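# Structural features, examined
For reference, the chains in residue letters:
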6 protein chains.
Amino acid sequence: MDDCTTLVPSAKGHAVLRREPIEYADASPEVRAVYDEIMALRRIDWINNFWKVLAHDPVALRRTWEASKQIMAPGALDSLTKELIYIAVSVINGCRYCIASHSAAARRQGLTQAQLSELMAVIGMANQTNALATGLEIEIDARFAES
Amino acid sequence: MDDCTTLVPSAKGHAVLRREPIEYADASPEVRAVYDEIMALRRIDWINNFWKVLAHDPVALRRTWEASKQIMAPGALDSLTKELIYIAVSVINGCRYCIASHSAAARRQGLTQAQLSELMAVIGMANQTNALATGLEIEIDARFAES
Amino acid sequence: MDDCTTLVPSAKGHAVLRREPIEYADASPEVRAVYDEIMALRRIDWINNFWKVLAHDPVALRRTWEASKQIMAPGALDSLTKELIYIAVSVINGCRYCIASHSAAARRQGLTQAQLSELMAVIGMANQTNALATGLEIEIDARFAES
Amino acid sequence: MDDCTTLVPSAKGHAVLRREPIEYADASPEVRAVYDEIMALRRIDWINNFWKVLAHDPVALRRTWEASKQIMAPGALDSLTKELIYIAVSVINGCRYCIASHSAAARRQGLTQAQLSELMAVIGMANQTNALATGLEIEIDARFAES
Amino acid sequence: MDDCTTLVPSAKGHAVLRREPIEYADASPEVRAVYDEIMALRRIDWINNFWKVLAHDPVALRRTWEASKQIMAPGALDSLTKELIYIAVSVINGCRYCIASHSAAARRQGLTQAQLSELMAVIGMANQTNALATGLEIEIDARFAES
Amino acid sequence: MDDCTTLVPSAKGHAVLRREPIEYADASPEVRAVYDEIMALRRIDWINNFWKVLAHDPVALRRTWEASKQIMAPGALDSLTKELIYIAVSVINGCRYCIASHSAAARRQGLTQAQLSELMAVIGMANQTNALATGLEIEIDARFAES
């Protein structure tokens, strides 16, 4: 799995671990195939760093892209709703990259300023009340299971 | 702020800290007023434990209810979407109470099995790729700011 | 809710989502009213970015400021203790902005180097033993409820 | 390190991993020495499960107890303040055991109902605004470094 | 996607959201196919609840199983090391189910008491120093990039 | 505990809280003793910022270094495995400093590109399935306790 890149010695004699982006021009055919699919599906002409770094492990790149394509496609929930859920998770995890990339995706799908404000308010409210429910050791109401 | 309840001695002589639910029959007028609003807005005839425990601090009860009412009301985002965002936050925080209470709320608003499956898939995908983006120290693409 | 700002088209034709700070000179009367209260209460002549970004949603600005003013005021716990609790939460959440802003607030309230060291030691100890208690699946002692 | 306990076969032929509490009567002299110190310092006649499970690794038991004793002792911050910081961390981590054990410790040190309410309010407020600051990607004010 | 189960009305007239385990006897052929693979690969004669609940979304079941099989297989890292990494993540996330299931998996692969103790000690140490590094806002050394 | 540094007034009249690194030349004998041990054990000629900032609290510096030396030493688990566990925790906590410092440590111990890829894949998989298990409220199988 990408073993030849482990042989490149650094100036200090250590193997270099590659986390820099792999550009299209430098990519293997299997990596280019994923890049092509990403650009075609999204109708854009560039690849963002997430995929270009993941490309050091072409099997992970293909697996993650297939899952992403399947999961983020419109279905019982529309694409914008899925992006909002994704952003909520990323905010709680403090993942700056994912907040930036999926905020851009949400904008491309028409997220308005008012929706952004409400998204943030709900995330903040949930985070606050989660802490209260946990800290106050609140017992789950039996009625929730019934409804 | 609810100071009289701090004076109840336990069997061991310590002040008892109250985290047990306050029932309607035992509630002060200001607490009952909030309970009444909750039941009226939700068209239900019972109060869940979250509010009944928070009621030991009537000021916090009022403040939290007002914020919740304002934030969770349908606006630029509809109520079900807000519940899904809330559940996503609660799952990442591991708040069992909030997952249970807001799953019940989402069901009342018509969440289908297919929507639940997609919600969970997006949460899982986001959590996975958040870890990859953080672990691989991926640099934010300049293009995200432009779009 | 701040809808007019959603209409500003970007160079690429997308609506621009505003997360940049709103300066006093550019703020609406309702936003200025909150800014004025913040500066008066804190006896300072500037507003930090948190409030200036939140100002894109004036309702959220007012609601968050009112809650903050109420919750962070000295009461049964003094202001410095509240700042330490706030910092502890922010460290565990990895919120760099909040660590910076509330460390500054704690300094203004006289936090000493020795107190800072002890704060960090307790946070670290709690984080370590939280992981041990969770990982070792330790059962809650019945005696805790009695005391 | 406690290797003899790894040799006990289970009914299914697997080595049993011990996470059950080690009672005083069954403890080795080095474990008993720590138990004795805990009971003496806290002026109690029992040991809670955290230490009794950690006792399967006597070196970790001793190391963790020494650190805890050192860090949680009154110093520049008093003991109750340290317990509040500890609880705040435990709430954000969702560690039920640690919330229960340190709430009991805080009660023994005189925590009042009003202080508990304020502690929870600050934790909730911090968790909410942490999410807002992270989600809105707010830039750290240069002035914070000056103050 | 499993839509027929959304039509089952509960006693209260709501659609029932299914999160209960689907037993082999009640499973569709595509679900049984995954169950068969799990039991064959692990040389066991039962399926744990994680898969039986995920089975309400057969596409997610298949996708998650394929990814798990691929990722958890021995490769550049052996299976036990992968289980330890998995447990570390689960402890930090506070996922009780995953700690229990992957501790069982680690035991099946020969985890000793001493290894368990060291695993917990490293997790605790990392969690402690993570908090210190974050709380003290420590700047990343330029030398790390060189090595 | 380091109290003299709290007396240095800033330009604005506040006490300066020290979080900047303490260089060897400026360090007290007790701090230098820890620095010397770190460099000797690791066979390097520099100290990274984590220790240089922690040095403002020499007691914490000594305690943390002793624990780290004890816990991270090869034992029932080898050093590289311990680094991988450490990195996994740091990724989930989003601690950029710790990811950088322990990735460098893992590289020094021979981590290959393929191992890095597998580490990240396992972390991502665990984070995803943790969310699914928590979100779907999956009950722990009784059989896990038996095995």
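Another aspect to go through is unusual backbone geometry. Phi is positive for Arg43(A), close to 55°, though the residue is something other than glycine. Locating Arg43(A) in the fold gives a position in the loop between helix H1 (29-42) and helix H2 (49-54).

Glancing now at the domain arrangement of chain A. Residue and element names in this part refer to chain A. Examined at the domain level, chain A breaks down into domain 1 (21-73) and domain 2 (76-140). Relative placement of domain 1 and domain 2: their C-alpha centres are 25 Å apart. At the boundary of domain 1 with domain 2, total buried surface from both sides reaches about 540 Å², with 54% on carbon and sulfur atoms. For the domain 1 face of the interface with domain 2, the top three residues by lost area are Phe50, Met72 and Ala73, together amounting to 64%. Across the contact surface, domain 1 and domain 2 share zero salt bridges. Along the contact surface separating domain 1 from domain 2 lie five residue pairs in polar contact (both at pLDDT 80 or more). Looking at the side of domain 1 that touches domain 2, the elements that each hand over two or more residues are H2 and helix H3 (58-72).

Across the contact, 60 residues belong to chain A and 60 residues belong to chain B. Between chain A and chain B, roughly 5800 Å² of surface is buried when both sides are summed, and carbon and sulfur atoms account for 71% of that area. Three residues, Val122(A), Met125(A) and Phe144(A), lead the burial of chain A against chain B; their summed loss comes to 11% of the area buried on that side. Applying the counting rule to chain A against chain B returns six salt bridges. Across the salt bridge formed by Glu137(B) and Arg19(A), the nearest N and O atoms sit 2.6 Å from each other. Summed over the shared surface of chain A and chain B, the number is 28 residue pairs in polar contact (both at pLDDT 80 or more).

Looking now at the relation of the copies chain A and chain B. Relative to chain B, chain A is turned by 180° and slid 0.0 Å along the rotation axis, the superposed coordinates differing by an RMSD of 0.0 Å. Taken together, these values place the two copies in the relation of a two-fold axis. Considering only C-alpha atoms, the part of chain A nearest the rotation axis is Ile85(A), at 2.7 Å. When the interface residues of chain A are mapped onto chain B, 100% of them are again interface residues, pointing to one common binding face.

Ranked by internal contacts, the top residues of the largest apolar core, which has 306 residues, are Ile123(A), Ile123(B), Ile123(C), Ile123(D), Ile123(E) and Ile123(F). Aside from chain neighbours lying at most four places away, what touches Ile123(B) is Ile85(A), Val89(A), Ala88(B), Val91(B), Ile92(B) and Ala131(F).

With that settled, the discussion passes to the environment of Leu111(B). Along the polypeptide, Leu111(B) turns up in the loop between helix H5 (96-108) and helix H6 (113-135). Spatially, the C-alpha atoms of Leu111(B) and Leu84(B) are 9.2 Å apart, while their sequence positions differ by 27 residues.

Assignment of secondary structure puts Arg19(D) in the segment before helix H1 (29-42). In terms of polar contacts, Arg19(D) uses its side chain to reach the side chain of Glu137(C), at 2.6 Å. At 3.2 Å, the side chain of Arg19(D) and the side chain of Ser103(E) are in polar contact. With sequence-adjacent residues up to four places away left out, Arg19(D) is seen in contact with Gly135(C), Leu136(C), Glu137(C), Val53(D), His56(D), Ile99(E), Ser103(E), Leu116(E) and Met120(E).

We now examine helix H3 (residues 58-72) of chain F. Along its 15 residues, H3(F) runs 21 Å from first to last C-alpha, staying within 8% of the 21 Å computed at 1.5 Å per residue. Looking only at H3(F), the buried set comprises Pro58(F), Ala60(F), Leu61(F), Arg63(F), Thr64(F), Trp65(F), Ala67(F), Ser68(F), Ile71(F) and Met72(F).

The next thing to look at is the pattern of salt bridges. A full pass over the atoms with the stated rule returns 48 salt bridges over all chains. One network of salt bridges, in which partners are shared, links Glu37(A), Arg62(A), Glu66(A) and Lys69(A).

Below, the discussion takes up the environment of Asn49(B). Locating Asn49(B) in the fold gives a position in helix H2 (residues 49-54). Take Asn49(B): its relative accessible area is 10%, and that puts it in the buried class. A sequence separation of 62 residues divides Asn49(B) from Leu111(B), and the C-alpha atoms of the two residues are 23 Å apart. Once residues within four sequence positions are removed from consideration, Asn49(B) is found in contact with Ile138(A), Glu139(A), Ile140(A), Asp141(A), Pro21(B) and Tyr97(B).

With their axes 10 Å apart at the nearest point, helix H3 (residues 58-72) of chain C and helix H6 (residues 113-135) of chain D run at an angle of 145° to one another. In the crossing of H3(C) with H6(D), the sense of the turn from one axis to the other is left-handed. Two secondary-structure elements touch here, H3(C) through Thr64(C), Ala67(C), Ser68(C), Ile71(C) and Met72(C) and H6(D) through Ala121(D), Val122(D), Met125(D) and Thr129(D). Each residue belonging to the contact of H3(C) with H6(D) can be placed in one class, and the counts come to six nonpolar, three polar and no charged.

Cut-off values and rules
- Residues numbered from 1 in each chain as written.
- Chains lettered and ligands numbered in written order.
- Predicted model: local features only at pLDDT ≥ 70, side-chain atom pairs only at ≥ 80, totals over all residues.
- Heavy atoms only, no water.
- Helix = DSSP H or I, 4+ residues; strand = E, 2+ residues; numbered from the N terminus.
- Domains from an automatic or database assignment.
- Buried area = accessible area lost by both parts, 1.4 Å probe.
- Salt bridge = Lys/Arg side-chain N within 4 Å of Asp/Glu carboxyl O.
- Polar contact = N/O pair within 3.5 Å; in protein donor to acceptor, adjacent residues only side chain to side chain.
- Contact = heavy atoms within 4.5 Å.
- Least-squares fit on C-alpha atoms with pLDDT ≥ 70 in both.
- Core = buried A, V, L, I, M, F, W, Y, C linked by side-chain atoms within 4.5 Å.
- Buried < 20%, exposed > 50% of the residue type's maximum accessible area, 1.4 Å probe, protein only.
- Expected span 1.5 Å × (residues − 1).
- Axes fitted to C-alpha atoms, helices over the stretch in contact; angles between N-to-C directions.
- Left-handed = near helix turned anticlockwise from the far one by under 90°.
- Nonpolar A, V, L, I, M, F, W, Y, C, P; charged D, E, K, R; others polar.

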